[in-house]
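Observations on chain architecture
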Amino acid sequence: IEQKAADARALIASWKPDLVYTTDDDVQEHVVRHYLDSPLPFVFSGVNKDPAEYGFVGSRNVAGVLEREHFVESVNLVRKIAPGARRIALIFDDAKMWDPVRARITQAMSRLPDMRIVAADTVRTYAEYQQKLRQYQGSADMIGTLGIFNLKDEQGRNVPYQEVQKWTVENSRLPDFAFWIDRVHYGTLCAVTVSEREQGRAAGRIARGILTQGKSPSSYPMEATSKGLPVVSLARARTLGLRLDAD
């Protein structure tokens, strides 16, 4: 990743752009931080961490859009499909990006007074993940399969998340949710997803204001988009024996 970041910075030096658009957290850490308070404006989207961790708060040349997962809405979508579900199990890999997500989920539970989290586990290997999901079958009513990108096999190699999801579909009988549409494509039951369209449009409006109206990046508040998109896998619902109505 350090080499990729160096390549990106070399491109910026070569192209001499009027503005750089960056998305997701890694690029903020490894690229944008090198340009804080420089004349070159940067606009970001898809940032999960507090922008203060990257030094963006108070910077003159960085603006953007935060990504905030729709946890309560996703849980309520599961309950709409499986009304008896009350016990939530959550599973994460060991990436640091999940720390603020955990904190926001804990805070959001006050909006789900009749629900409880029965497990919130961090796993590092694919074998651990499989073991935990088997345990959840008897102790939870729904699973949030959230962090599944950094799971290692017995040789220490990363297991593709699509493979993790395939195993989950074949071995778990519990309704599951996540926060991104690609998870539903690979078999997760449902999600109220973070809308890529809303993220891109919001960041694009900021970029346009900077480029065409001469606005300062620091004049824009760093806020999250609020609009999500509910998505359901009908194939997964059929596999789980869940009936859906038009609502």
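Look above for the structure.
Everything numeric in this text was worked out from a predicted model, so none of it was measured.

Side note on the side chain of Ser59
Mapping Ser59 onto the fold places it in the loop between strand S2 (42-47) and strand S3 (62-66). The class of Ser59 is buried, set by a relative accessible area of 4%. Within polar-contact distance, the side chain of Ser59 engages the backbone oxygen of Phe56 at 2.6 Å. Not counting residues within four places of it along the chain, the set of residues in contact with Ser59 comprises Leu36, Asp37 and Ser218.

Topic: helix H4 (residues 98-108)
Along H4, the positions that sit buried rather than exposed are Trp98, Val101, Arg104, Ile105 and Ala108. Down the axis of H4, the buried set is contained in an arc of 120 degrees. They therefore lie on one face. The exposed residues of H4 that point more than 90 degrees off its buried face are Thr106 and Gln107. Residues of H4 that are buried sit in contact with helix H3 (71-81), strand S4 (87-92) and strand S5 (116-122).

So, the packing of aromatic side chains
Within this structure, the stated rule accounts for 11 aromatic pairs. Taking 5.5 Å as the distance between ring centres and 25 degrees as the angle between the ring planes, the aromatic pair formed by Phe44 and Phe56 counts as stacked. Residue Phe44 is located in strand S2, and its partner Phe56 is located in the loop between S2 and S3; the two are separated by 12 residues in the primary sequence. Under the relative-accessibility criterion, Phe44 is labelled buried at 0%. Counting every residue linked through ring pairs, the aromatic cluster contains Phe71, Phe92, Trp98, Phe177, Phe179 and Trp180.

Describing the pairing of strand S6 (residues 142-145)
Side chains of S6 alternate between two faces, with Met142 and Gly144 and Ile143 and Thr145 buried alike. Relative to S6, S4 runs parallel, the two being bridged by 4 bridges. Residue Ile88 lies in a different strand from S6, and its bridge partner there is Met142. Across 2 bridges, the pairing between S6 and strand S7 (residues 176-178) is parallel. Pairing of Gly144 across the sheet is with Phe177, part of S7. Crossover handedness for the path S6 to helix H6 (residues 161-171) to S7: right-handed.

Digging into the sheet that holds S4
Ordered by their spatial adjacency, 6 strands build an open sheet running S5-S4-S6-S7-S8-S10, and the pairing between neighbours is mixed. Only two strands of the sheet have a single partner each, and these edge strands are S5 and strand S10 (228-232). On average, each strand axis in the sheet is tilted by 20 degrees relative to the strand beside it, whichever way the strands run. Strands in contact with helix H5 (residues 126-139) are S4, S5 and S6; relative to S4, the strand with the most contacts, it is inclined by about 175 degrees.

Rules used throughout
Residues numbered from 1 in each chain as written. Predicted model: local features only at pLDDT ≥ 70, side-chain atom pairs only at ≥ 80, totals over all residues. Heavy atoms only, no water. Helix = DSSP H or I, 4+ residues; strand = E, 2+ residues; numbered from the N terminus. Buried < 20%, exposed > 50% of the residue type's maximum accessible area, 1.4 Å probe, protein only. Polar contact = N/O pair within 3.5 Å; in protein donor to acceptor, adjacent residues only side chain to side chain. Contact = heavy atoms within 4.5 Å. Arc of directions from axis to C-beta. Phe/Tyr/Trp six-rings, centres within 6.5 Å; stacked < 30°, edge-to-face > 60°. Pairing = 2+ DSSP bridges. Right-handed = clockwise from strand over helix to strand, strands pointing away. Axes fitted to C-alpha atoms, helices over the stretch in contact; angles between N-to-C directions.

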